[in-house]
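Breakdown of the fold
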Amino acid sequence: MNKCIERIYNGLVKENPTFVLMLGMCPTLAVTTSAINGIGMGLSTTAVLVMSNMLISMLRKIIPDSVRMPAFIVVVASFVTVVDFLLEGFVPSLYDSLGLYIPLIVVNCIILGRAESYASKNPVLPSIFDGIGMGLGFTVGLTSIGIVRELIGAGQIFGMQVMPDSYEPLTIFILAPGAFFVLACLVALQNKVRNNLAKKGKQVSAASGCADGCASCASKGVCGGHLIQEESKKKEEGA
Amino acid sequence: MQELLLIAVGSAFVNNVVLSQFLGICPFLGVSKNVKTAAGMGGAVVFVITIASFVTGLIYRFILGNPNIMGGELEYLNTIVFILVIAALVQFVEMFLKKVMPPLYQALGVYLPLITTNCAVLGVALTNVQDGYDILTGVVNGFATAVGFLVAIVLMAGIREKTEHNDVPESFKGTPIVLVTAGLMAIAFFGFSGLI
């Protein structure tokens, strides 16, 4: 049981997919125009993640190694289609505002990344909890970005007016550029905390993310970006 | 013809795939350290998206959305079929280029495996279906979207090469400053919104 709690802690804090691993950036930036959209996207992704982790972990001894990627993709895509229909049927307003980004959960690197690096190597129960932890971490990330953007950009939180009437909303924060700025500030804040901790001599895991290179990335196997870096390194050495 | 041109300008600049729709952010942040690799990645994306929009357009028109097969009710398979077709297509393109056009393979080869998980490819295929584009319009839309990606990633790489040695505040080093740059670029791209 201890291991399961450890997995949830890992997903929420230690390897938070949004702030630490910097995975799944497309939905993180695109759907966080309001807090409620962030929660909706986060929970949909969590549902897919838990189900796919469970099934892939069950099938881990059956799926041959050479075709594992296509097999994972089929599993994930099926669950995404199910979630797509459920949202369309039961929460049509959320379905409309998330739009294209629901089917695009298929290519969210968090899901394939967890399938490849955790679920395909571990028993069913820890894999389920890994999915829950990672999914909740993602939900927390999206929701906090959504709250910041909604607060600054519309003066509301979860659709309720919180700022006084004299506040002039900075609409740019719910438009595309705002997404980049808010995420940049949140990552910078986190870097500051990390730097302070490191100065005090505490052990901190390095932040990763595509812009920082592939060496420490958890989804190296899925993404393949390291191939490019190795290639360009070879060329530099050759020249 | 004019309609096609409007769609092309719209998807390349006005609704830029990276800066306003947030598709393909991962390669945009990850492969934009220098202009040469960025251009290679952009080229590979143009190549794959154009072919993928054609192939997925064919599959949708003649199989999934065909009213003669199951009354056109196979549409719910769009996501699964498209992602598998794209994955297979990328593998196939890689083999084909290696055999037939080695110079092109040299230029684009390493970037091809990355593209399967690039959400822009699947995004374009799904948008084409959602907006009810025919095959030609879909291919034009795909090509233009990919050109938008190429423009954005090359610009980004150019800026990053310049800012590499700038004195950035400690906490903003690395990812945050790249994101701020992207945000400023997104504001600049708002300037296109009056075009159509």
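An account of the accompanying structure is given in this report.

Turning to the overall build of chain A, a few remarks are in order. Across its full length, chain A carries ten helices and two strands. When the helices and strands of chain A are listed from N to C terminus, the series reads α-α-α-α-α-α-α-β-β-α-α-α. Of the contacts made within chain A by residues no fewer than 6 positions apart, 71% connect residues no fewer than 24 positions apart. Accessible surface, chain A: about 10,900 Å² in total, of which carbon and sulfur atoms supply 66%.

Looking now at the overall build of chain B. A count of helical and extended segments in chain B gives nine helices and zero strands. The order of α-helices and β-strands along chain B, N terminus first, is α-α-α-α-α-α-α-α-α. Computed over the C-alpha atoms, the radius of gyration of chain B is 18 Å, within 12% of the 16 Å expected from 2.2 N^0.38 for a compact globule of 196 residues. The principal-axis extent of the C-alpha atoms belonging to chain B is close to 65 × 45 × 30 Å. Counting the 196 residues in chain B, one finds 52% classified as buried. Here the analysis covers contacts within chain B between residues at least 6 apart in sequence; of these, 76% occur between residues at least 24 apart. With the model as given, the accessible surface of chain B reaches about 8,900 Å², and the carbon-plus-sulfur share is 66%. Across chain B, the 8 positively charged side chains and the 10 negatively charged ones have centroids separated by 14 Å.

Next up on the list: the interface of chain B and chain A. Across the boundary between the two partners, chain B contributes 48 residues, which contact 46 residues of chain A. When chain B packs against chain A, the two sides together hide about 4,000 Å² of surface, and 79% of this comes from carbon and sulfur. Taken together, the links from chain B to chain A amount to zero salt bridges. At the junction of chain B and chain A, the tally comes to two residue pairs in polar contact (both at pLDDT 80 or more). Broken down by secondary-structure element, the contributors of at least two residues to the side of chain B that touches chain A are α2 (25–30), α4 (78–100), α6 (112–115), α7 (119–130) and α9 (175–189) of chain B. Classifying every residue of the side of chain B that touches chain A by side-chain character gives 29 nonpolar, 15 polar and four charged.

Another aspect to go through is the nonpolar core. Judged by nonpolar contacts, the single largest core of 107 residues is most densely connected at Leu104(A), Phe180(A), Leu19(B), Ile25(B), Phe28(B), Met41(B) and Leu122(B). Among the elements that make up this core, the one with the highest residue count is helix α3 (residues 35–64) of chain B (eleven residues).

Turning next to the packing of helix α1 (residues 2–14) of chain A against helix α7 (residues 124–154) of chain A. Residues and elements named next belong to chain A. At a minimum axis separation of 7 Å, α1 and α7 run at an interaxial angle of 25°. The angle between α1 and α7 falls in the class roughly parallel. Classified by chirality, the crossing of α7 by α1 is right-handed. Mapping the contact onto sequence places Cys4, Arg7, Ile8, Asn10, Gly11 and Leu12 in α1 and Leu125, Pro126, Phe129, Asp130, Ile132, Gly133, Met134, Leu136, Gly137 and Val140 in α7. Its residues assigned to classes, the contact of α1 with α7 comprises ten nonpolar, four polar and two charged.

Moving on to a nonpolar patch on the surface. Residues and elements named next belong to chain A. A cluster of nonpolar side chains, contributed by Tyr9, Leu12, Val13, Leu43, Leu136 and Val140, occupies part of the molecular surface with about 500 Å² of accessible area. Elements represented by at least two residues in the nonpolar patch include exactly α1 and α7. Looking at which element gives the most residues to the nonpolar patch, the answer is α1, with three residues. If you trace the backbone, Leu136 turns up in helix α7. Taking the relative accessible area as the measure of exposure, Leu136 reaches 31% and is therefore partly exposed.

A complete count under the given rule lists five aromatic pairs over all chains for this structure. Between the aromatic rings of Phe180(A) and Phe22(B), the centroid separation amounts to 5.4 Å while the plane-to-plane angle is 55°, which identifies the pairing as tilted. Note that Phe180(A) is positioned in helix α8 (residues 176–199) and Phe22(B) in the loop between α1 (2–14) and α2, a pairing that runs across two chains. Assessed through its relative accessible area of 0%, Phe180(A) is described here as buried.

All names here are of chain A. Contact geometry for helix α3 (residues 35–58) and helix α6 (residues 109–119): axes closest at 10 Å, N-to-C directions at 30°. Comparing their axes, α6 and α3 come out roughly parallel. Here the hand of the crossing between α3 and α6 comes out right-handed. When α3 is examined against α6, the residues Thr45, Val48, Leu49, Ser52, Asn53, Ile56 and Ser57 are found in contact with a partner set consisting of Ile110, Ile111, Arg114, Ala115 and Ala119. Taken together, the residues of the contact of α3 with α6 break down into seven nonpolar, four polar and one charged.

Another point: the pattern of salt bridges. All names here are of chain A. Counted by the stated rule, this structure contains seven salt bridges over all chains. Put simply, Arg68 and Glu116 hold a salt bridge, and the shortest N to O gap is 2.9 Å. Of this pair, Arg68 sits in helix α4 (residues 68–90) while Glu116 sits in helix α6, and the two are 48 residues apart along the sequence. By relative accessible area, which is 13% here, Glu116 ends up buried. Across the pair Asp130 and Arg114 runs a salt bridge whose closest N-O atoms are separated by 3.0 Å.

Parameters and conventions
- Residues numbered from 1 in each chain as written.
- Chains lettered and ligands numbered in written order.
- Predicted model: local features only at pLDDT ≥ 70, side-chain atom pairs only at ≥ 80, totals over all residues.
- Heavy atoms only, no water.
- Helix = DSSP H or I, 4+ residues; strand = E, 2+ residues; numbered from the N terminus.
- Contact = heavy atoms within 4.5 Å.
- Areas by Shrake-Rupley, 256 points an atom, 1.4 Å probe, with all protein chains shown as cover.
- Rg over C-alpha atoms; globule rule 2.2 N^0.38 Å.
- Buried < 20%, exposed > 50% of the residue type's maximum accessible area, 1.4 Å probe, protein only.
- Lys, Arg positive; Asp, Glu negative; His and termini not counted.
- Charge placed at Lys NZ, Arg CZ, Asp CG, Glu CD.
- Buried area = accessible area lost by both parts, 1.4 Å probe.
- Salt bridge = Lys/Arg side-chain N within 4 Å of Asp/Glu carboxyl O.
- Polar contact = N/O pair within 3.5 Å; in protein donor to acceptor, adjacent residues only side chain to side chain.
- Nonpolar A, V, L, I, M, F, W, Y, C, P; charged D, E, K, R; others polar.
- Core = buried A, V, L, I, M, F, W, Y, C linked by side-chain atoms within 4.5 Å.
- Axes fitted to C-alpha atoms, helices over the stretch in contact; angles between N-to-C directions.
- Parallel < 35°, antiparallel > 145°, perpendicular 65-115°, else oblique.
- Left-handed = near helix turned anticlockwise from the far one by under 90°.
- Patch = residues over 30% accessible without salt bridge, like charges linked within 9 Å, V, L, I, M, F, W, Y side chains within 5 Å.
- Phe/Tyr/Trp six-rings, centres within 6.5 Å; stacked < 30°, edge-to-face > 60°.

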